[in-house]
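Structural overview for review
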Amino acid sequence: MRLFTKENMMKLTTEERRDLMHLQMSGHRGNGSDYLPDDCSYCEACGYPTLGWGWCNYCYKRFEELVAKLRT
């Protein structure tokens, strides 16, 4: 089943489509800094400091919610 079809994308509001595209286009490897401990980075999607690498918990949860809405 294809997820990102025109019909599925119409299930999302304009803001939700924008958020989904922003999350998809952001990197998933994290963004280290001299100001953060070695095991922390900045979320590539929102810039919030997070433990480990990748998206912060909020961005990951938002992506999961949007994909779930596409699947309904």
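Whatever comes next refers back to the structure up there.
Please read these numbers as outputs of a predicted model, since none were measured by experiment.

Cut-off values and rules
- Residues numbered from 1 in each chain as written.
- Predicted model: local features only at pLDDT ≥ 70, side-chain atom pairs only at ≥ 80, totals over all residues.
- Heavy atoms only, no water.
- Helix = DSSP H or I, 4+ residues; strand = E, 2+ residues; numbered from the N terminus.
- Rg over C-alpha atoms; globule rule 2.2 N^0.38 Å.
- Buried < 20%, exposed > 50% of the residue type's maximum accessible area, 1.4 Å probe, protein only.
- Contact = heavy atoms within 4.5 Å.
- Areas by Shrake-Rupley, 256 points an atom, 1.4 Å probe, with all protein chains shown as cover.
- Salt bridge = Lys/Arg side-chain N within 4 Å of Asp/Glu carboxyl O.
- Axes fitted to C-alpha atoms, helices over the stretch in contact; angles between N-to-C directions.
- Parallel < 35°, antiparallel > 145°, perpendicular 65-115°, else oblique.
- Left-handed = near helix turned anticlockwise from the far one by under 90°.
- Nonpolar A, V, L, I, M, F, W, Y, C, P; charged D, E, K, R; others polar.

1. Some points on the overall build of the protein chain
Counting its regular elements, the protein chain contains three helices and two strands. Seen in sequence order, the protein chain has helices and strands lined up from the N terminus as α-α-β-β-α. Relative to its length of 72 residues, the protein chain is extended, with a C-alpha radius of gyration of 14 Å against a globular reference of 11 Å. Structurally, the protein chain occupies a C-alpha span of about 45 × 20 × 15 Å along its principal axes. For the protein chain, the residues scored as buried account for 38% of the 72 residues in total. For the protein chain, the share of sequence-separated contacts (at least 6 apart) that also reach a separation of at least 24 residues comes to 38%. Total accessible area on the protein chain is roughly 5300 Å²; 54% of this is exposed by carbon and sulfur atoms.

2. Description of the pattern of salt bridges
Pairs may arise between side chains of opposite charge once their charged atoms sit close together. Taken as a whole and assessed by the stated rule, the structure comprises four salt bridges. Lys69 serves as the salt-bridge partner of Glu16, at 2.8 Å between the closest nitrogen and oxygen. A residue pair is termed long-range when its members are at least 10 positions apart, and Glu16 in helix α2 (residues 14–25) and Lys69 in helix α3 (residues 57–71) qualify at 53 residues. A residue is classified by how much of its surface remains accessible, and Glu16, at 14% relative accessible area, is buried. Residue Asp19 is joined to Arg18 by a salt bridge in which the shortest nitrogen-to-oxygen separation is 3.2 Å. Note on Arg18: relative accessible area 53%, which makes it exposed. Here the salt bridges do not stand alone but share partners, grouping Arg18, Asp19, Arg62 and Glu65 into one network.

3. A few points about the packing of α2 against α3
One can describe the packing of α2 onto α3 by two numbers: an axis separation of 10 Å at closest approach and a directional angle of 125°. Between α2 and α3, the interaxial angle falls into the category oblique. Between α2 and α3 lies a crossing whose hand is left-handed. Counting all contacts with α2, which are made through Glu16, Asp19, Leu20, Leu23 and Gln24, the residues of α3 involved are Cys59, Arg62, Phe63, Leu66, Lys69 and Leu70. Across the contact of α2 with α3, the residue classes break down as six nonpolar, one polar and four charged.

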